Amino acid sequence: MDLNNITPENELEVEILEDLKSGRSKEVITRCPPEPSGYWYIGHVKAWTINFETAQKFGGKTYLRMDDSNPTKEDGEFADSYMADLEWLGFKPKALVYASESYFDKIYDIAEKMIKNGDAYVCELSAEEVSASRGTLTEPGKNSPYRDRTPEENLKLFREMRDGKYPDGSKTLRAKIDMSHPNINMRDPIMYKIARQHHYRVGDKWCIWPQYDFVHPMEDCLEGTTYSLCDKGFQDHRIVYEWFVQHGWGKPYAPKQREFSRLTIENVLTGKRWLKQVVNSGLVNGWDDPRFPTLVGVRRRGYTAKALKDFVRSVGWGSTIEVTVPYSALEYYVRNDLNQIATRAMVVMEPLKVVITNYQGNGEDIEIENNPNDENAGKHKARFGREIFIEKEDFSLNPPPKYNRLVEGGIVRLKGAYIIRCNKVIYNEKGEIDHLECEYIPESKSGNDTSNIKCKGTIHFVSADNFFEITIRNIKSLVKPEFVSPAKALAEGAKIEDILEPDSLTESKAYAENFLKNAKVEDKFQFMRKGYFCMDKDSTKDNYIFNNTISLKDGFKK
RNA sequence: UGGGGUGUCGCCAAGCGGUAAGGCAUUGGACUCUGACUCCAACAUUGCGUAGGUUCGAAUCCUACCACCCCAGCCA
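Given the structure is predicted, the values throughout are model-derived calculations rather than measurements.

**Let's talk about the overall build of chain A**
Helix and strand content of chain A: 15 helices and 29 strands. Compactness check: chain A gives a C-alpha radius of gyration of 31 Å against a globular reference of 24 Å for 558 residues, more than 25% above the reference. Structurally, chain A occupies a C-alpha span of about 105 × 55 × 40 Å along its principal axes. Out of the 558 residues in chain A, the part that is buried amounts to 52%. A sequence separation of at least 24 residues applies to 71% of the contacts in chain A between residues at least 6 apart. A total accessible area of about 25,900 Å² is found for chain A, and carbon and sulfur atoms account for 47% of it.

**A word on the pattern of salt bridges**
Under the counting rule described, the total for this entry stands at 47 salt bridges. Across the pair Glu 153 and Arg 149 runs a salt bridge whose closest N-O atoms are separated by 3.8 Å. On the basis of relative accessible area, Glu 153 is assigned to the partly exposed category, the value being 37%. Note that Glu 507 is salt-bridged to Arg 473, the shortest N-O span being 2.9 Å.

**Considering the side chain of Lys 524**
Structurally, Lys 524 can be placed in strand β27 (residues 524-527). Buried charge Lys 524 goes without a salt bridge, the closest partner of opposite sign being Glu 522 at 4.3 Å. Within the local environment of Lys 524, its side chain forms a polar contact with the backbone oxygen of Glu 522, the two atoms lying 2.8 Å apart. The contact partners of Lys 524, leaving out residues within four places of it in the chain, are Gly 302, Tyr 303, Thr 304, Leu 338, Ile 341, Ala 342, Thr 343, Phe 533 and Cys 534.

**Digging into the protein's contact with RNA strand B**
The environment of RNA strand B is made up of 61 residues, and the closest members are Lys 193, Arg 344, Arg 405, Lys 415 and Ser 446. For RNA strand B, the backbone makes up 60% of the atoms found within 4 Å of the protein, where backbone means sugar plus phosphate. A distance of 2.8 Å is found between a sugar or linking oxygen of RNA strand B and a side-chain nitrogen or oxygen belonging to Asn 70. At the level of elements, α6 (127-133), β6 (190-194), β11 (322-325) and α13 (327-341) are the ones that each hand at least two residues to the surface near RNA strand B. Looking at which element gives the most residues to the surface near RNA strand B, the answer is α13, with 5 residues. Classifying every residue of the surface near RNA strand B gives 22 nonpolar, 25 polar and 14 charged.

**What about a nonpolar patch on the surface?**
A cluster of nonpolar residues, Leu 397, Tyr 427 and Ile 433, forms a patch on the protein surface that exposes about 240 Å² of accessible area. Structurally, Tyr 427 is set in strand β21 (residues 419-427). Overall, the relative accessible area of 43% leaves Tyr 427 in the partly exposed class.

**Some remarks on the side chain of Lys 232**
Take Lys 232: it is sitting in the loop between β8 (227-231) and α9 (238-249). Beyond its immediate chain neighbours, meaning those up to four positions away, Lys 232 contacts Glu 259, Phe 260, Ser 261, Gly 318, Ser 319, Thr 320 and Ile 321.

Reading guide: rules and limits
Residues numbered from 1 in each chain as written. Chains lettered and ligands numbered in written order. Predicted model: local features only at pLDDT ≥ 70, side-chain atom pairs only at ≥ 80, totals over all residues. Heavy atoms only, no water. Helix = DSSP H or I, 4+ residues; strand = E, 2+ residues; numbered from the N terminus. Rg over C-alpha atoms; globule rule 2.2 N^0.38 Å. Buried < 20%, exposed > 50% of the residue type's maximum accessible area, 1.4 Å probe, protein only. Contact = heavy atoms within 4.5 Å. Areas by Shrake-Rupley, 256 points an atom, 1.4 Å probe, with all protein chains shown as cover. Salt bridge = Lys/Arg side-chain N within 4 Å of Asp/Glu carboxyl O. Lys, Arg positive; Asp, Glu negative; His and termini not counted. Polar contact = N/O pair within 3.5 Å; in protein donor to acceptor, adjacent residues only side chain to side chain. Near = heavy atom within 4 Å. Nonpolar A, V, L, I, M, F, W, Y, C, P; charged D, E, K, R; others polar. Patch = residues over 30% accessible without salt bridge, like charges linked within 9 Å, V, L, I, M, F, W, Y side chains within 5 Å.

Remember that the coordinates give geometry; whether it matters functionally is a separate question.
Here it is in C-alpha cells:
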C-alpha cells in the first residue's frame with residue numbers, strides 16, 4: 001500500500017498517516033468491541049463504520065471482540081446476533097473473539113505482574129467505603145489503608161481471591177495510581193472484583209472479574225489494536241487507558257485511544273434500558289419491530305445498510321460529545337438508496353372503481369418499468385381493461401388549485417396505459433360516490449401515443465382482472481413528535497406510555513397488481529406515487545404484508 | 001470551586017493567518033407517462049460565543065471573559 005496515495009479526511013487519519021510513515025504503527029488494527037448485552041441500534045453503525053472503514057482505508061483489519069467481562073449483564077443471544085448484523089452491514093471482521101475466553105488468562109497474568117511491580121494492591125474496603133474515600137469532583141480522595149501492603153502479601157491475597165477464598169464484594173484489586181489526582185478516574189481504579197456469577201461463555205471458571213478501565217486496554221494490547229476508537233464518553237478515561245498500557249503492557253507499538261461523537265437522532269428513542277421497557281410492556285412486537293431503532297428493526301422496516309452507512313458518514317466524526325441530527329437527515333439517505341434499487345409497482349390504497357364505458361375487449365397487457373433509474377431492471381406486465389381501480393384521492397369533485405388529477409369532465413393519464421376522461425360520477429343510495437364512468441382515448445396508449453393530447457397528470461391504477469389484496473403496515477414515528485429527545489424526557493420522569501404515539505403502527509388493505517405475488521421477504525418496492533415498501537416476514541401465502549418503509553417526498557402544495 | 005471537552009447558517013460540517021466549502025432542511029423555478037428522481041437558483045452581505053489585542057490582513061495567533069456538555073459503578 002502506497003501511503004502517498006492516501007488522502008486523510010480527518011485528524012485521526014492525519015495522525016495514522018504520520019504514525020505509519022514514522023514507523024510507530026506497522027499497520028492499522030481496530031476493533032469492534034460490543035458488550036453482548038443488547039441489540040445494536042443505529043448509533044452503533046457509526047462506531048462500527050468508523051472502526052471498519054478507517055482500518056480498510058489503510059489496508060488494515062478489524063476484530064469483532066465481545067467485551068464480555070461483566071457476567072451479570074451478558075448473554076449469548078446478543079453475541080450471536082452481532083455476526084449477522086455485521087454481515088448485513090457489509091463488514092467482515094478478521095476474526096470473532098470472546099475476551100472472556102481468549103484474554104482472561106493473560107490479563108490475569110498481567111495483573112500478577114503489576115502486583116509484583118507494585119502497581120496494584122488488594123483493597124478490603126467495602127463498595128461504600130471505596131466510594132466515600134474517592135473524594136469528590138473538587139476534593140481529593142483518601143488513600144486506602146490497604147494501599148501499602150507488600151507485593152508478596154498482595155500476590156498471596158490476590159491468588160486467594162481468584163481461588164474463591166473470599167466472599168463476593170469483600171476485596172478488590174486496585175491500581176495504585178493517585179488518590180488525589182484531579183481526574184477522578186485515576187484515583188486507584190478497581191481492576192478486579194469478586195463475584196460468583198455464571199458466565200455465558202466461561203461458565204464458573206472465574207469468581208473474579210476484570211473491570212473496564214483495566215480490561216479494555218489490555219484486550220486492545222493483546223489483540224494488537226493500534227487505534228482504539230470509542231465514543232467521547234470515554235474521553236476522560238484516556239489518561240487511565242494510557243496508564244494501564246504503560247504499566248500493564250509496557251511495550252512499544254501500544255494502542256492509542258481516540259474518540260468520536262455519539263450520534264443521536266431527534267425523536268428516536270434509544271437506550272437499552274428504555275427499549276427493554278418498551279419491549280417488555282408489549283407496546284411493540286419484539287426487538288425487531290419495524291418501528292424500533294434497532295438494526296434488526298430498521299432492517300425489517302426496509303432501511304438498507306448502505307443508507308445507514310451513507311448517513312453516518314455524512315454526519316462525520318463529530319466534535320462535541322453528542323451530535324443530534326433531525327430524522328430527515330437519515331430519511332434522505334434511505335430514499336436515496338431505495339430510489340436506486342426498489343422495484344416499481346402499482347398499488348391502490350383506497351380504491352375507487354372506474355368503468356371504461358367505451359372499452360369493449362377483454363383487457364390487454366401493458367408494461368411497467370421496474371426502475372426508471374436503472375435501465376437493466378427491465379419491465380413487467382400489468383393489465384388494463386374495462387374495469388379498473390384508481391386511488392380515491394386521485395379524483396376530486398372540488399379540486400384545489402393546481403390539482404392535476406381526475407376531475408369531472410377532465411382527463412388524466414393512467415400510468416403505462418391510456419388517457420381517460422371522466423364523464424359521469426355515479427352515486428349510491430347514501431349519496432356517496434360509487435364509481436366513475438370514463439372513456440378512454442384509444443390513440444393515447446403509452447409507447448405509441450398518436451393522440452397529441454397534453455395531459456398534466458399521471459396516476460397509478462390496478463385492473464380488476466389483475467389485482468389481489470395485500471396488507472399494508474403503516475408506520476409512524478414510535479415517539480410523539482413533540483418529544484425531540486425522548487430519552488431525556490424519560491430521564492426527567494415522563495412515562496413511556498405518554499411519549500409513545502398510540503397508533504404508530506396500523507394495518508390497512510390495499511389492491512396490488514398481481515406482479516407483487518412474486519415478492520419475497522425483505523424485497524423492496526416503490527409503490528408508485530405512494531412510497532417505499534418492504535415485504536415483512538410475517539407474510540403468508542394468503543396474506544402478503546408490506547411495511548411502509550418511508551413515503552415519497554410530496555411536492556404538491558395544497 | 002476540580003478534571004476533561006465544545007462553541008462557524010434552523011441541523012450537521014469544512015476551514016489550521018490571506019479575505020466564510022459542502023450536505024440536510026427550507027424557498028423559488030425547470031423538467032417529468034411517479035406532483036418522485038434529476039436539474040437550476042436563493043439561503044452566514046465584514047458575520048465564525050463575547051470583549052480586547054497582535055497583524056497590511058484573523059474564524060484561524062494572544063489575553064480575558066461567557067455559555068453549554070461529560071465525569072465521583074466493585075457498568076461498559
